[in-house]
Amino acid sequence: DSDPFKQPEVDEKDVVVLNEGNFSDFVKERKFVLVEFYAPWCGHCQALAPEYAAAATELKGDDVALAKVDAGEESELSQQYDVQGYPTLVFFVDGVHKPYPGQRTK
């Protein structure tokens, strides 16, 4: 169990999984939503996962939500938000898409 290449366990209990069916309502119902478009095989996405999960837990309850979309499974959503690389972070304020120029660290 000491495999140095094994991915660490990440507790993503506060990261909401979005898809075509729940995306629009979710971003409209909250003041601030940060959505990560990711690919499960992406190393950068895997590196972001623990920080993203920690931020989701820390910000929970402040009308702020962190969510993620599997870009491979949700290709229409990915195209709609011009996802061209992974991870892509998309920020919404009151349901309106805003540019996210920030860092990808906590």
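Let me sum up the structure you'll find in this document. (Residues numbered from 1 in each chain as written. Predicted model: local features only at pLDDT ≥ 70, side-chain atom pairs only at ≥ 80, totals over all residues. Heavy atoms only, no water.)

### Regarding the pairing of strand S2 (residues 32-38)
Formally: Any residue under 20% of the maximum accessible area for its type is buried, any over 50% is exposed, and the rest in between are partly exposed; the area is computed with a 1.4 Å probe on protein chains only. The helix and strand labels rest on DSSP assignments: H or I over at least four residues marks a helix, E over at least two residues marks a strand, and numbering proceeds from the N terminus. Two strands make a pair as long as DSSP finds a minimum of two bridges between them. A clockwise course of the path from the first strand over the helix to the second, judged with the strands pointing away from the viewer, identifies a crossover as right-handed.
A large share of S2 lies buried, amounting to six of its seven residues. Bridge count between S2 and strand S3 (residues 64-70): seven bridges; the pairing is parallel. Considered in S3, the bridge of Leu34 is made with Leu66. The handedness of the S2 to S3 crossover, carried by helix H2 (residues 43-59), is right-handed. Here S2 runs beside strand S4 (residues 88-93); their pairing, made up of six bridges, is antiparallel. Note that in S4 the partner of Phe37 across the bridge is Thr88.

### Some words on the packing of aromatic side chains
Basically, it comes down to this: Pairing of aromatic rings covers Phe, Tyr and the six-membered ring of Trp, with a centre-to-centre limit of 6.5 Å; geometry is then stacked below 30 degrees between planes, edge-to-face above 60, and tilted otherwise.
All told, the structure shown has seven aromatic pairs when counted by the stated rule. Ring centres of Phe37 and Tyr81 lie 6.0 Å apart, and the angle between their planes is 35 degrees; on these two criteria the pair is classed as tilted. Separated by 44 residues along the polypeptide, Phe37 in strand S2 and Tyr81 in the loop between helix H3 (75-80) and S4 bring together distant segments of the chain. With respect to burial, Phe37 and Tyr81 carry one shared label: buried.

### Re the pattern of salt bridges
For the record, the criterion: What makes a salt bridge here is a side-chain nitrogen of Lys or Arg within 4 Å of a carboxyl oxygen of Asp or Glu, nothing more.
All chains considered together, the criterion is met by six salt bridges. Ionic pairing is found between Asp14 and Lys13, a salt bridge with its closest N-O pair at 3.7 Å. A relative accessible area of 56% means that Lys13 is categorised as exposed. With a shortest N-O distance of 3.2 Å, Lys60 and Asp14 are connected by a salt bridge. With a gap of 46 residues between them, Lys60 in the loop between H2 and S3 and Asp14 in the segment before strand S1 (15-17) connect regions that are remote in the sequence. Here Asp14 falls in the buried class, since its relative accessible area comes to 15%. Three or more residues are tied together by salt bridges with common partners; here these are Asp11, Lys13, Asp14 and Lys60.

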